[in-house]
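Listed here are the chains, written in short residue letters.
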2 protein chains.
Amino acid sequence: MDRVPAGIDLDSSLGYLLKQAASALRSSMDAALRPLGLTVPQYACLELLAQRSGLSNSELARGAFVTRQSMNVLLQGLERDGLVTRPAEPVAGRALPAQLTPLGRERIAEASVVVRAVEARMSARLDADQEVRLRELLGACVAGLEASASH
Amino acid sequence: MDRVPAGIDLDSSLGYLLKQAASALRSSMDAALRPLGLTVPQYACLELLAQRSGLSNSELARGAFVTRQSMNVLLQGLERDGLVTRPAEPVAGRALPAQLTPLGRERIAEASVVVRAVEARMSARLDADQEVRLRELLGACVAGLEASASH
DNA sequence: TCCTGTGTGTCAGAACATTGACATAAACGA
DNA sequence: TCGTTTATGTCAATGTTCTGACACACAGGA
């Protein structure tokens, strides 16, 4: 039986639907990245670094929606695998700017391909106009939530 | 040398925006439920049971987007706190249908209020028509992702 | 000058969720 | 009847993430 036991109210709940979509995306990305030996948070970290080299641990954590403690252990793993390098000591302040190694650049290039394929599947049923609209609507949701989420 | 992003442009990535929205929702719900002594997965479990009493552990797990192992320990906690009851032995098959206790019903009623308030904040910037459209678009994304998801 | 606030990195512990595996139970077809 | 498939509950081990806490580095104003 493939009938999902969802109640009537839950089907009309925007939050539940959002969670469902995020969960489906997470599963698909996880499956797509597994052959490359990358988890979703690891991919997120590498993708952030590919676009903005030299981000600190805390900045990466905010960008990947995890705590800086989690990002720190994640970064240590990527460093151990030779995908990322960090200076042994901070040049200014306390931040340790991270950078991709050539191997890391190679890996993120492969990962981007499969992740792009997943995103294409996700928006396969949407035309260009609907995709733009969805982005606007999601942005409005984020803005509404963060409006009163201060401290 | 022109600056060509090697990977996905995160600012225009639908997946990134979806993750951002889900993360903001999770944080807001977490903060709203904390005074009640409930985590988000616990709330999800109680909400599912409130709408469809007698769901089994596995059904609850699917509905809350976690593994049945995780849902099992979660249910044990709720049972220990007296919010949920399960028969000691299965009546048919192996499934153990869970039900809310009066205390559980009371707790989920309180939790529903604060969660509904969070959802209202999320859709505060959306009119009724936009909200319907967002539901449709998210549904299309889920359908697209699950179309080629190998179970 | 002091010193308060914000941001950062790091440590330890606990809480959480997952993977992998096994045995049981019902449904279905050969 | 038997065997396969599918679904369930449970156990063990592992991995992940978070909470809580501390120390350090800059910027700003009193």
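Per chain, the residues get numbers from 1 upward, laid out in the order the sequence is written. The order in which chains are written sets their letters, starting at A; the order in which ligands are written sets their numbers, starting at 1. With pLDDT at 70 or above as the cut-off, local features in this predicted model cover only qualifying residues; side-chain atom pairs require 80 or more to be listed or tallied, and sums for whole chains, interfaces and linings still use all residues.

### A closer look at the overall build of chain A
Here's step 1: Where helices and strands are cited, they refer to DSSP runs of H or I of at least four residues and of E of at least two residues respectively, numbered from the N terminus. Along chain A, the regular secondary structure elements total seven helices and two strands.
Here's step 2: The secondary structure elements of chain A, listed N-terminal to C-terminal, are α-α-α-α-α-β-β-α-α.
Here's step 3: Working definition of burial: number of other C-beta atoms within 10 Å of the residue's own, with buried at 20 or more, exposed at 12 or fewer, and partly exposed in between, all C-beta atoms being placed from the backbone. Going through the 151 residues of chain A one by one, you find that 34% of them count as buried.
Here's step 4: Long-range contacts, defined as pairs at least 24 residues apart, comprise 49% of the intrachain contacts of chain A with a sequence gap of at least 6. The contact criterion used here is simple: two residues whose C-beta atoms, placed from the backbone, lie within 7 Å are in contact.

### Points about the protein's contact with DNA strand C
Here's step 1: By definition, a residue lies near a molecule or strand when the C-beta atom built from its backbone is within 6 Å of it. Around DNA strand C, the surrounding shell holds 20 residues, and the nearest of these are S56, N57 and S58 of chain A together with T67 and S70 of chain B.
Here's step 2: Taken together, the elements giving at least two residues each to the surface near DNA strand C come down to helix 4 (57–64) and helix 5 (68–80) of chain A together with helix 4 (68–80) of chain B.
Here's step 3: Nonpolar residues are Ala, Val, Leu, Ile, Met, Phe, Trp, Tyr, Cys and Pro. Charged residues are Asp, Glu, Lys and Arg, and all others, Gly as well, are polar. The residue makeup of the surface near DNA strand C, split by class, is six nonpolar, ten polar and four charged.

### Describing the environment of A32 of chain A
Here's step 1: Inspection of the secondary structure assignment puts A32 of chain A in helix 2 (residues 14–33).
Here's step 2: Separated by 83 residues in the primary sequence, A32 of chain A and V115 of chain A place their C-alpha atoms 7.1 Å from one another.

### Examining the protein's contact with DNA strand D
Here's step 1: Residues in close proximity to DNA strand D total 22 residues, the closest being T67 and S70 of chain A together with S56, N57 and S58 of chain B.
Here's step 2: For the surface near DNA strand D, the secondary-structure elements that each account for two or more residues are helix 5 of chain A together with helix 3 (57–64) and helix 4 of chain B.
Here's step 3: Among the elements that make up the surface near DNA strand D, the one with the highest residue count is helix 5 of chain A (four residues).
Here's step 4: In terms of residue class, the surface near DNA strand D is made up of eight nonpolar, ten polar and four charged.

### Some words on the environment of V142 of chain B
Here's step 1: For V142 of chain B, the position within the fold is in helix 6 (residues 128–147).
Here's step 2: By the C-beta count within 10 Å, which is 18 here, V142 of chain B ends up partly exposed.
Here's step 3: Separated by 65 residues in the primary sequence, V142 of chain B and G77 of chain B have C-alpha atoms spaced 31 Å apart.
Here's step 4: Not counting chain neighbours up to four residues away, the residues in contact with V142 of chain B comprise Q20, A21 and A24 of chain A.

### Overview of the packing of helix 3 (residues 40–51) of chain A against helix 6 (residues 102–122) of chain A
Between two packed helices, what matters for the description is the angle formed by their axes and the separation of those axes.
All names here are of chain A.
Here's step 1: Axis separation between helix 3 and helix 6 bottoms out at 10 Å; the angle between their running directions is 110°. Here helix 3 lies roughly perpendicular to helix 6, going by the angle between them. For helix 3 against helix 6, the interelement crossing comes out left-handed. Seen from helix 3, the contacting residues are Y43, L46, E47 and A50; seen from helix 6, they are G104, R105, R107, I108, A111 and V115.
Here's step 2: Across the contact of helix 3 with helix 6, the residue classes tally to six nonpolar, one polar and three charged. Helix axes are fitted only over the stretch in contact, all axes being lines through C-alpha atoms; the angle between N-to-C directions runs from 0 to 180 degrees. Angular relationships are summarised with four words: roughly parallel below 35 degrees, roughly antiparallel beyond 145, roughly perpendicular across 65 to 115, and oblique for the angles in between. Here is the rule for handedness: rotate from the far helix to the near one, and if that takes an anticlockwise turn smaller than a right angle the crossing is left-handed, while a clockwise turn gives right-handed.

### Some thoughts on the interface of chain B and chain A
Size of an interface, as often reported, equals the accessible area lost when the parts are brought together.
Here's step 1: Chain B puts 51 residues into the contact, and the matching count from chain A is 55 residues.
Here's step 2: Looking at the side of chain B that touches chain A element by element, the count peaks at 15 residues for helix 6 of chain B.
Here's step 3: Residue classes in the side of chain B that touches chain A are distributed as 26 nonpolar, 14 polar and eleven charged.

### What about the relation of the copies chain B and chain A?
Here the second copy of the chain follows from the first by a rotation about an axis and a shift along it.
Here's step 1: Copies overlap after least-squares fitting; the atoms used are the C-alpha atoms of residues with pLDDT of at least 70 in both. It takes a turn of 180° to lay chain B on chain A, together with a shift of 0.0 Å along the axis; the resulting RMSD is 0.1 Å. Overall, the copies show the geometry of a two-fold rotation axis.

### A closer look at the packing of helix 4 of chain A against helix 5 of chain A
Residues and elements named next belong to chain A.
Here's step 1: At a minimum axis distance of 8 Å, the contact between helix 4 and helix 5 shows a crossing angle of 110°. Taken as axis vectors, helix 4 and helix 5 run roughly perpendicular relative to one another. Residue-level contacts link N57, S58, L60, A61 and A64 of helix 4 to R68, S70, M71, N72 and L75 of helix 5.
Here's step 2: Here the residues of the contact of helix 4 with helix 5 are counted per class, giving five nonpolar, four polar and one charged.

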